Amino acid sequence: MGAVLSAATGSTDAVSAVKILFSPTDVVGIKLNCLGGKRLSPRPELVDALVDRLIEGGVSPGNIILFERSSRELERAGFSIRRGGDKPQCFGTDNDYDRQPSVSGSIGSCYARLVSQTCTALIGFGVVKDHDLAGVSASLKNWYGVIHNPNKYHDNQCDPYVADVVRHPLVRQKLRLTVLDGVTAQCHGGPAYRASEVFPLGRVVASTDPVAADFWAWRAIDAERVRRGMPTLEAAGRPPRFISTAASYGLGVGTAAQVIEVEA
Amino acid sequence: MSMDRRRFTALMAAGAAAAAAPVAVEAARSRRVGEIVEGDDLPAREASWYRKLAEDRVECELCPQACTVADAERGTCGVRENRKGTYVTLVHSLACSVHADPIEKKPFFHVMPGELALSYATAGCNVECKFCQNWEISQFRPEQVRSAYLPPEALVEAAKRSGARLTAATYSEPVIFWEYVRDAARAAIKAGLAPTVVSNGYIQPKPLQEVLPLLRAVKIDLKSFREEFYRDQLRATLKPVLESLVLIRKADVWLEIVVLLIPTLNDSEAEVRDLARWVKTNLGADVPVHFTRFHPTYRLTNLPPTPVPTLERAWSIARAQGLNFVYLGNVPSHPGENTVCPGCGEVIIRRLGYQVLENRLSGGACPDCKREIPGVWR
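Quick caveat: nothing in here was measured; it's all calculated off a predicted structure.

**Observations regarding the overall build of chain B**
The helix and strand tally for chain B stands at nine helices and 20 strands. By the compact-globule yardstick of 21 Å for 378 residues, chain B fits well, its C-alpha radius of gyration being 20 Å. Along the longest, intermediate and shortest principal axes, the C-alpha atoms of chain B span 60 × 45 × 35 Å. A fraction of 68% describes how many contacts in chain B between residues 6 or more apart in sequence connect residues 24 or more apart. Mean positive and mean negative side-chain charge positions of chain B (48 and 44 charges, respectively) differ by 2 Å.

**A short note on the packing of aromatic side chains**
The relative placement of two aromatic rings is captured by the distance of their centres and the angle of their planes. The tally for this structure, following the rule as stated, stands at 11 aromatic pairs over all chains. Seen in terms of ring centroids, A:Phe215 and A:Trp218 are 6.0 Å apart; in terms of plane orientation they differ by 80°. Their pairing is edge-to-face. Of the two residues, A:Phe215 and A:Trp218 are both situated in helix H8 (residues 210–227); the distance of three residues between them amounts to about one turn of the helix. As far as burial versus exposure is concerned, A:Phe215 and A:Trp218 are alike and both buried. Note on B:Tyr120 and B:Tyr180: the rings are 5.3 Å apart at their centroids and 65° apart in plane angle, and the pair reads as edge-to-face.

**A few points about the interface of chain A and chain B**
In this assembly, 34 residues from chain A lie in contact with 32 residues from chain B. In total, chain A and chain B occlude about 2,600 Å² of area from one another, counting both sides; carbon and sulfur atoms represent 37% of this. By the criterion of area lost to chain B, the three top residues of chain A are A:Asn95, A:Arg99 and A:Lys152, representing 26% of everything that side buries. Across the pair A:Asp155 and B:Arg235 runs a salt bridge whose closest N-O atoms are separated by 3.0 Å.

**Section: unusual backbone geometry**
Between A:Asp159 and the following residue, A:Pro160, the backbone shows a cis peptide bond with an omega angle of 10°. Structurally, the position occupied by A:Pro160 is in the loop between strand E7 (135–137) and helix H6 (161–167). For the bond running from A:Gly190 to A:Pro191, omega is 15°, close enough to zero to count as cis. In this fold, A:Pro191 is placed in the loop between strand E8 (175–186) and strand E9 (198–199). For B:Thr264, which is not a glycine, the phi torsion comes out positive at approximately 75°. By the element assignment, B:Thr264 lies in the loop between strand E15 (254–261) and helix H8 (269–282). A residue is classified by how much of its surface remains accessible, and B:Thr264, at 64% relative accessible area, is exposed.

**So, the state of the cysteines**
Disulfide: a covalent bond connecting the sulfur atoms of a pair of cysteines. All names here are of chain B. By the definition in use, this model includes zero disulfides over all chains. No disulfide involves cysteine 125; its nearest neighbouring cysteine sulfur is the one of cysteine 129, lying 6.2 Å away. On the basis of relative accessibility, which here comes to 7%, the residue cysteine 125 falls in the buried class. The thiol of cysteine 132 is unpaired, and the distance to the nearest cysteine sulfur, on cysteine 129, comes to 6.2 Å. Since its relative accessible area comes to 14%, cysteine 132 is described here as buried.

**Some words on the sheet that holds strand E6 (residues 80–83) of chain B**
Residues and elements named next belong to chain B. Strands sit in the order E2-E7-E6 across an open sheet of three strands; the sheet is antiparallel. Each having just a single partner strand, strand E2 (45–46) and E6 make up the two edges of the open sheet. One ladder, built from two bridges, connects E2 with strand E7 (residues 86–89); its direction is antiparallel. If you follow glutamate 46 over to E7, its bridge partner there is valine 88.

**Some thoughts on the packing of helix H3 (residues 152–162) of chain B against helix H4 (residues 178–190) of chain B**
Residue and element names in this part refer to chain B. Running from amino to carboxyl end, H3 crosses H4 at an angle of 55°, the nearest separation of the two axes being 8 Å. Between H3 and H4, the crossing angle belongs to the class labelled oblique. Of the two elements, H3 crosses H4, and the hand of that crossing is right-handed. On the side of H3, the interface is formed by Pro152, Glu153, Leu155 and Val156, while H4 contributes Tyr180, Asp183, Ala184, Ala187 and Ala188. Of the residues in the contact of H3 with H4, the class split is seven nonpolar, no polar and two charged.

**Concerning empty space enclosed by the protein**
It is a probe the size of a water molecule, rolled over the atoms, that shows where empty space is left. What the rule picks out here adds up to five cavities of 30 Å³ or more. For the largest cavity, the calculated volume is near 80 Å³. Looking at the lining of the largest cavity, its residues break down into eight nonpolar, three polar and one charged. Lining the second largest cavity, in full, are A:Asp132, A:His188, A:Gly189, A:Gly190, A:Arg194, B:Glu55, B:Asp56, B:Arg57, B:Ala70 and B:Asp71. When grouped by side-chain class, the residues that make up the lining of the second largest cavity number one nonpolar, three polar and six charged.

About the criteria used
- Just so you know, the residues in each chain are numbered from 1, in the order the chain's sequence is written.
- Whichever chain is written first becomes A and whichever ligand is written first becomes 1, with later ones labelled in order.
- Totals for whole chains, interfaces and linings use all residues, but because this is a predicted model, local features are given only for residues with pLDDT of at least 70 and pairs of side-chain atoms are given and counted only at 80 or more.
- Side-chain descriptors were evaluated using all non-hydrogen atoms of the structure, hydrogens and water having been removed beforehand.
- Secondary structure elements are taken from DSSP: a helix is a run of H or I of four residues or more, a strand is a run of E of two residues or more, and numbering for both begins at the N terminus.
- Throughout, radius of gyration means the C-alpha value; the globule benchmark is 2.2 Å times the number of residues raised to the power 0.38.
- What makes two residues a contact is simply this: any of their non-hydrogen atoms within 4.5 Å.
- We treat Lys and Arg as the positive residues and Asp and Glu as the negative residues; His and chain ends play no part in the count.
- For the purpose of locating charges, the reference atoms are NZ of Lys, CZ of Arg, CG of Asp and CD of Glu.
- Working definition: a ring pair exists when centres of Phe, Tyr or Trp rings (six-membered ring for Trp) sit within 6.5 Å. Plane angles under 30 degrees give stacked, over 60 give edge-to-face, the rest tilted.
- A 1.4 Å probe rolled over the protein chains alone gives each residue an accessible area, and that area as a share of the maximum for its type sets the label: buried under 20%, exposed over 50%, partly exposed in between.
- Throughout, the accessible surface (probe 1.4 Å) given up by two parts as they are put together, summed over both, is called the buried area.
- Counted as salt bridges are all cases of a side-chain nitrogen of Lys or Arg within 4 Å of a carboxyl oxygen of Asp or Glu.
- Cysteine sulfur atoms that pair up within 2.5 Å are treated as a disulfide.
- A pair of strands is labelled paired if DSSP reports no fewer than 2 bridges between them.
- Every axis corresponds to a line fitted to the C-alpha atoms, with the helix fit spanning only the stretch in contact, and the corresponding angles, defined between N-to-C directions, vary from 0 to 180 degrees.
- Angles below 35 degrees are treated as roughly parallel, those above 145 as roughly antiparallel, those between 65 and 115 as roughly perpendicular, and all remaining angles as oblique.
- Put simply, a crossing is left-handed when the front helix is turned counterclockwise from the back one by less than a right angle, and right-handed when it is turned clockwise.
- For this classification, the nonpolar set comprises Ala, Val, Leu, Ile, Met, Phe, Trp, Tyr, Cys and Pro, the charged set comprises Asp, Glu, Lys and Arg, and every other residue, Gly included, is treated as polar.
- With a 1 Å grid laid over protein atoms only, a set of points is called a cavity when a 1.4 Å probe fits there but cannot get out and a pocket when it is open yet has protein on both sides within 12 Å along at least five of seven lines; lining residues have an atom within 4 Å of a point.
- Grid points are joined across faces, edges and corners, and a volume is the space filled by probe spheres set on the points.

Everything listed here is a matter of coordinates, which is why it stays silent on function.
Next comes the structure, spelled out in structure tokens:
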């Protein structure tokens with residue numbers, strides 16, 4: 001984890017990387033994607049490693065919050081619920097959303113108050129997996145989990161909705177880092193875990209660019225699909241078009257020519 | 001009725017009193033009638049209208065969204081979930097709002113005037129109207145809304161206790177809790193109550209036709225007569241709604257229509273004229289049409305309330321097109337709230353808001369000229 005953080009920020013070490021991204025007064029929310037349960041969610045040991053690096057870099061332990069849509073989802077993925085105190089916290093948004101919707105492009109949603117009120121900085125921590133409608137669920141799609149009504153925005157392959165969720169200043173202005181647990185990935189049948197479709201990708205990814213992270217995940221999924229003789233996502237009729245939409249919004253870069261992969 | 005999703009307005013005393021009533025649905029676990037359900041410990045019951053697809057996907061066959069849903073995902077409505085290839089409804093018997101309202105509030109103006117309707121809803125909706133008055137329950141998922149376990153028999157007990165002679169599935173969108181509507185209607189009929197539904201009509205023909213025989217009356221919100229309005233303001237389509245209206249009219253069910261007029265979006269003379277003409281041609285001149293006043297809310301806060309003259313103009317256009325029963329809504333004390341005999345022009349039922357001030361109806365007919373006034377009067 002320290003190595004990828006360093007590589008992602010061009011720093012000499014993890015402590016420097018964290019100091020570039022966060023201040024000691026930040027309240028850092030880490031949005032996990034736990035829909036896939038224990039077998040297809042960020043590994044707790046990897047998340048712990050990230051938390052340790054944040055603390056080493058000066059973030060106050062009590063100001064680190066691991067969160068997902070519900071506490072139950074976190075528990076199913078192997079996380080223990082902790083609220084309050086001076087240790088890192090971990091709990092679900094559950095029912096704690098803004099009381100009024102705000103509009104971002106095509107979406108109108110109440111955001112989780114953790115995002116809108118509590119946290120001053122955000123980290124997306126997802127996995128690398130296929131999504132039956134969106135194409136890819138890795139970086140940007142993870143943020144569907146901070147609005148109250150994601151079910152309204154799955155038509156048209158979630159485009160431009162995914163990009164619109166992240167474009168909202170509540171996310172865009174706070175999102176500093178994206179981490180993907182790609183140790184095990186899934187190339188088909190997502191977003192739920194499907195044993196026959198997972199494969200050992202063996203990568204942990206960090207990026208300060210959430211769009212580039214998704215582009216990388218897309219390529220990784222397609223490479224495995226091709227290896228298995230399956231059509232690419234494009235050929236299967238569900239390319240993750242929200243990636244180029246997000247790039248067009250200026251949320252990051254999403255072309256092969258622009259994304260630089262650095263092995264840590 | 002505007003509701004806070006964190007408040008639950010159910011008749012809990014009635015629910016508790018009905019605890020001994022048989023539970024007609026299979027819950028994920030045994031639940032006490034009236035039990036508050038908050039969070040994701042939701043009752044799950046296999047949905048009645050869907051088909052299984054390859055790789056554990058399902059296609060919902062309830063509404064025209066026809067969502068294809070992968071394992072662990074939900075449909076647009078947010079209340080139906082694919083669990084390893086079995087599609088389940090998460091809101092059967094899970095009422096987030098229950099209240100005994102005057103039937104005029106639905107509004108039904110030709111259905112048992114002055115009676116109470118035990119009105120109920122669950123969380124969720126299959127469209128997203130930017131002007132939704134009840135968005136705090138309709139646009140949320142069931143685990144985000146405080147609800148109570150209220151199976152059909154308990155609902156009927158609550159209705160009888162409140163003095164209601166009708167039930168009304170309303171507030172959010174009954175289509176998304178259609179199995180609950182069906183089973184509650186059966187229980188209501190058994191108890192001698194009249195089941196009604198207040199809906200957007202955005203439903204596939206098969207589930208509609210399966211439940212229609214159980215209903216006494218249906219009110220449809222015809223949001224506009226333009227496809228682009230349905231696309232831009234609801235993320236839906238008009239055509240299936242028109243098809244539903246025709247199906248309802250053909251069935252032995254009383255039908256009323258509400259049109260919420262929103263300044264600049266659906267209030268043009270041409271649109272109102274087209275709508276009224278279509279109603280007369282396809283449904284008949286006796287179907288009541290209510291033009292109601294918009295108030296800014298949810299995502300549509302940049303428009304003013306509908307000017308009363310706009311509503312009056314719509315009233316005149318619809319009457320000129322030959323509709324016999326045209327009403328104005330959300331304009332208390334306006335004469336457009338009254339039922340006027342199309343034969344002699346005399347006022348038959350005089351209303352003030354949801355109150356019936358005077359009902360001169362005599363055996364379902366005008367007391368003056370004896371013209372029959374269509375409706376469900378008893």
